[in-house]
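Structural characterization, general
For reference, the chains in residue letters:
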Amino acid sequence: MQMEPYLFFDGCCEEALAFYAHSLGGEVLAMQRYAGSPLEEQLPAQWHAKIMHATLEAPGGHRLMACDRMPGQASGGHGGFALSIHCPSDAEHGERIFRSLSEGGTVTMPFTVTFWGAHFGTLVDRFGVGWMINCEGGHASPGSA
(Lines give C-alpha, C1' and ligand atoms only; values in the text may rest on other atoms or scores of the structure.)
Protein backbone atom coordinates (compact mmCIF):
# COMPACT_ATOMS: atom_id res chain seq x y z
CA MET A 1 0.00 0.00 0.00
CA GLN A 2 1.16 3.53 -0.68
CA MET A 3 -0.38 6.93 0.08
CA GLU A 4 -0.06 9.88 -2.29
CA PRO A 5 -1.29 13.47 -1.95
CA TYR A 6 -3.99 14.58 -4.40
CA LEU A 7 -4.39 18.30 -5.03
CA PHE A 8 -7.48 20.03 -6.42
CA PHE A 9 -7.22 23.23 -8.47
CA ASP A 10 -9.75 25.69 -9.85
CA GLY A 11 -8.61 25.56 -13.47
CA CYS A 12 -4.83 25.98 -13.15
CA CYS A 13 -3.76 22.34 -12.59
CA GLU A 14 -1.65 22.10 -15.75
CA GLU A 15 0.20 25.31 -14.90
CA ALA A 16 0.72 24.23 -11.29
CA LEU A 17 2.13 20.82 -12.25
CA ALA A 18 4.50 22.39 -14.78
CA PHE A 19 5.73 24.65 -11.98
CA TYR A 20 6.10 21.72 -9.54
CA ALA A 21 7.91 19.61 -12.16
CA HIS A 22 10.35 22.46 -12.78
CA SER A 23 10.77 23.28 -9.09
CA LEU A 24 11.16 19.69 -7.94
CA GLY A 25 13.07 18.32 -10.91
CA GLY A 26 10.19 15.97 -11.60
CA GLU A 27 8.20 14.85 -14.61
CA VAL A 28 4.48 14.82 -15.39
CA LEU A 29 3.82 11.13 -16.15
CA ALA A 30 0.13 11.34 -17.00
CA MET A 31 -2.34 14.09 -17.82
CA GLN A 32 -5.93 13.26 -18.72
CA ARG A 33 -8.37 15.96 -19.75
CA TYR A 34 -12.11 16.08 -19.25
CA ALA A 35 -12.52 16.04 -23.05
CA GLY A 36 -13.29 12.52 -24.18
CA SER A 37 -14.28 11.33 -20.70
CA PRO A 38 -17.81 10.49 -19.51
CA LEU A 39 -17.76 13.81 -17.59
CA GLU A 40 -17.33 15.91 -20.75
CA GLU A 41 -21.08 16.29 -21.30
CA GLN A 42 -21.55 17.68 -17.77
CA LEU A 43 -19.09 20.54 -18.28
CA PRO A 44 -19.07 23.79 -20.24
CA ALA A 45 -16.99 23.65 -23.44
CA GLN A 46 -14.28 25.93 -22.01
CA TRP A 47 -13.66 23.34 -19.27
CA HIS A 48 -13.06 20.35 -21.60
CA ALA A 49 -9.32 21.07 -21.86
CA LYS A 50 -8.94 21.22 -18.07
CA ILE A 51 -7.29 18.36 -16.21
CA MET A 52 -9.41 15.45 -14.96
CA HIS A 53 -6.38 13.62 -13.54
CA ALA A 54 -2.60 14.05 -13.61
CA THR A 55 0.40 12.40 -11.96
CA LEU A 56 3.75 14.03 -11.31
CA GLU A 57 6.77 12.01 -10.22
CA ALA A 58 9.58 13.70 -8.34
CA PRO A 59 13.06 12.23 -7.77
CA GLY A 60 13.07 9.24 -5.47
CA GLY A 61 9.78 7.93 -6.85
CA HIS A 62 7.63 10.36 -4.88
CA ARG A 63 4.33 11.09 -6.59
CA LEU A 64 1.82 13.87 -6.51
CA MET A 65 -1.57 13.62 -8.19
CA ALA A 66 -3.87 16.48 -9.08
CA CYS A 67 -6.87 17.67 -11.07
CA ASP A 68 -8.99 20.71 -11.85
CA ARG A 69 -12.08 20.36 -9.69
CA MET A 70 -15.26 20.64 -11.76
CA PRO A 71 -16.96 24.08 -11.76
CA GLY A 72 -19.14 24.50 -8.70
CA GLN A 73 -17.56 21.52 -6.93
CA ALA A 74 -16.68 22.42 -3.37
CA SER A 75 -13.40 21.35 -1.82
CA GLY A 76 -15.38 19.03 0.45
CA GLY A 77 -14.31 20.86 3.58
CA HIS A 78 -10.85 19.34 3.52
CA GLY A 79 -8.73 22.24 2.32
CA GLY A 80 -8.49 21.39 -1.38
CA PHE A 81 -6.66 18.07 -1.04
CA ALA A 82 -7.30 14.37 -0.53
CA LEU A 83 -5.12 11.46 0.44
CA SER A 84 -5.05 8.79 -2.23
CA ILE A 85 -4.45 5.12 -1.50
CA HIS A 86 -3.55 2.81 -4.37
CA CYS A 87 -3.90 -0.95 -3.91
CA PRO A 88 -2.26 -2.47 -7.00
CA SER A 89 -4.10 -5.79 -7.07
CA ASP A 90 -6.35 -6.24 -4.07
CA ALA A 91 -9.83 -4.69 -4.34
CA GLU A 92 -11.04 -6.54 -1.23
CA HIS A 93 -8.32 -4.88 0.84
CA GLY A 94 -9.21 -1.51 -0.70
CA GLU A 95 -12.88 -2.05 0.13
CA ARG A 96 -11.99 -2.82 3.78
CA ILE A 97 -9.97 0.40 3.98
CA PHE A 98 -12.81 2.35 2.35
CA ARG A 99 -15.40 0.98 4.81
CA SER A 100 -13.20 1.67 7.80
CA LEU A 101 -12.35 5.25 6.80
CA SER A 102 -15.98 6.05 5.97
CA GLU A 103 -17.24 5.17 9.48
CA GLY A 104 -18.68 8.40 10.86
CA GLY A 105 -17.78 10.25 7.67
CA THR A 106 -19.43 11.01 4.34
CA VAL A 107 -19.14 8.83 1.25
CA THR A 108 -18.87 11.18 -1.74
CA MET A 109 -18.57 8.40 -4.34
CA PRO A 110 -19.36 4.78 -3.43
CA PHE A 111 -16.58 2.22 -3.88
CA THR A 112 -17.38 0.64 -7.25
CA VAL A 113 -15.92 -0.36 -10.61
CA THR A 114 -15.19 2.71 -12.74
CA PHE A 115 -15.03 3.48 -16.45
CA TRP A 116 -11.21 3.13 -16.27
CA GLY A 117 -11.60 -0.42 -14.94
CA ALA A 118 -10.45 0.01 -11.35
CA HIS A 119 -12.41 -0.18 -8.12
CA PHE A 120 -12.61 3.40 -6.84
CA GLY A 121 -14.42 5.45 -4.22
CA THR A 122 -14.10 8.75 -2.39
CA LEU A 123 -15.07 9.93 1.06
CA VAL A 124 -14.51 12.62 3.64
CA ASP A 125 -13.68 11.02 6.98
CA ARG A 126 -15.11 12.07 10.34
CA PHE A 127 -12.16 14.42 10.80
CA GLY A 128 -12.83 16.27 7.53
CA VAL A 129 -9.97 14.66 5.58
CA GLY A 130 -10.70 13.61 1.99
CA TRP A 131 -9.70 10.12 0.83
CA MET A 132 -9.60 8.44 -2.58
CA ILE A 133 -9.22 4.66 -2.73
CA ASN A 134 -8.19 3.14 -6.09
CA CYS A 135 -7.65 -0.61 -6.54
CA GLU A 136 -6.99 -2.69 -9.63
CA GLY A 137 -8.09 -6.30 -9.83
CA GLY A 138 -9.56 -8.38 -7.04
CA HIS A 139 -13.16 -9.45 -6.68
CA ALA A 140 -14.84 -6.79 -4.53
CA SER A 141 -18.48 -6.47 -5.46
CA PRO A 142 -19.19 -3.16 -7.24
CA GLY A 143 -21.01 -0.70 -5.03
CA SER A 144 -20.86 -2.94 -1.99
CA ALA A 145 -18.97 -0.56 0.29
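Everything numeric here is computed off the predicted structure, so don't read it as measured data.

The full count for this structure, using the stated rule, is four salt bridges. The partner of Arg33 in a salt bridge is Glu14, and the shortest N-O contact between them spans 3.0 Å. With a gap of 19 residues between them, Arg33 in strand E2 (residues 27-33) and Glu14 in helix H1 (residues 13-24) connect regions that are remote in the sequence. Between Arg63 and Glu57 there is a salt bridge; the shortest N-O distance is 3.0 Å. Take Arg63: its relative accessible area is 36%, and that puts it in the partly exposed class. Residue Glu57 is classed as partly exposed on the basis of its relative accessible area of 26%.

The subject of this paragraph is the pairing of strand E7 (residues 119-124). Taking burial as the measure, the six residues of E7 include six buried ones, the bulk of the element. The sheet contact formed by strand E6 (residues 106-113) and E7 spans five bridges and is antiparallel. Opposite Val107, over in E7, you have Leu123 as the bridge partner. Here E6 folds back onto E7, and the loop between the two strands holds five residues, one of which, Gly117, carries a positive phi near 95°.

Moving on: the sheet that holds E6. Pairing in this open sheet of eight strands is mixed, and the strands run E2-E3-E4-E1-E5-E8-E7-E6 from one edge to the other. For this open sheet the edge positions go to E2 and E6, each flanked by a neighbour on one side alone. Strand-to-strand twist of the sheet, defined as the mean angle between neighbouring strand axes without regard to direction, takes the value 20°. Here strand E1 (residues 2-9) runs beside strand E4 (residues 62-68); their pairing, made up of four bridges, is parallel. What sits directly across from Leu7, in E4, is Ala66. Docked against the sheet, H1 engages E1, E2, strand E3 (51-58) and E4, running at close to 0° with respect to E3.

Within the secondary structure layout, Cys87 lies in strand E5 (residues 81-87). The buried category is assigned to Cys87, whose relative accessible area is 3%. Residues Cys87 and Ile133 lie 46 residues apart in sequence; the distance between their C-alpha atoms is 7.8 Å.

What counts and how
- Residues numbered from 1 in each chain as written.
- Predicted model: local features only at pLDDT ≥ 70, side-chain atom pairs only at ≥ 80, totals over all residues.
- Heavy atoms only, no water.
- Salt bridge = Lys/Arg side-chain N within 4 Å of Asp/Glu carboxyl O.
- Helix = DSSP H or I, 4+ residues; strand = E, 2+ residues; numbered from the N terminus.
- Buried < 20%, exposed > 50% of the residue type's maximum accessible area, 1.4 Å probe, protein only.
- Pairing = 2+ DSSP bridges.
- Axes fitted to C-alpha atoms, helices over the stretch in contact; angles between N-to-C directions.
- Contact = heavy atoms within 4.5 Å.

So far we have only geometry, and geometry alone does not tell us how the molecule works.
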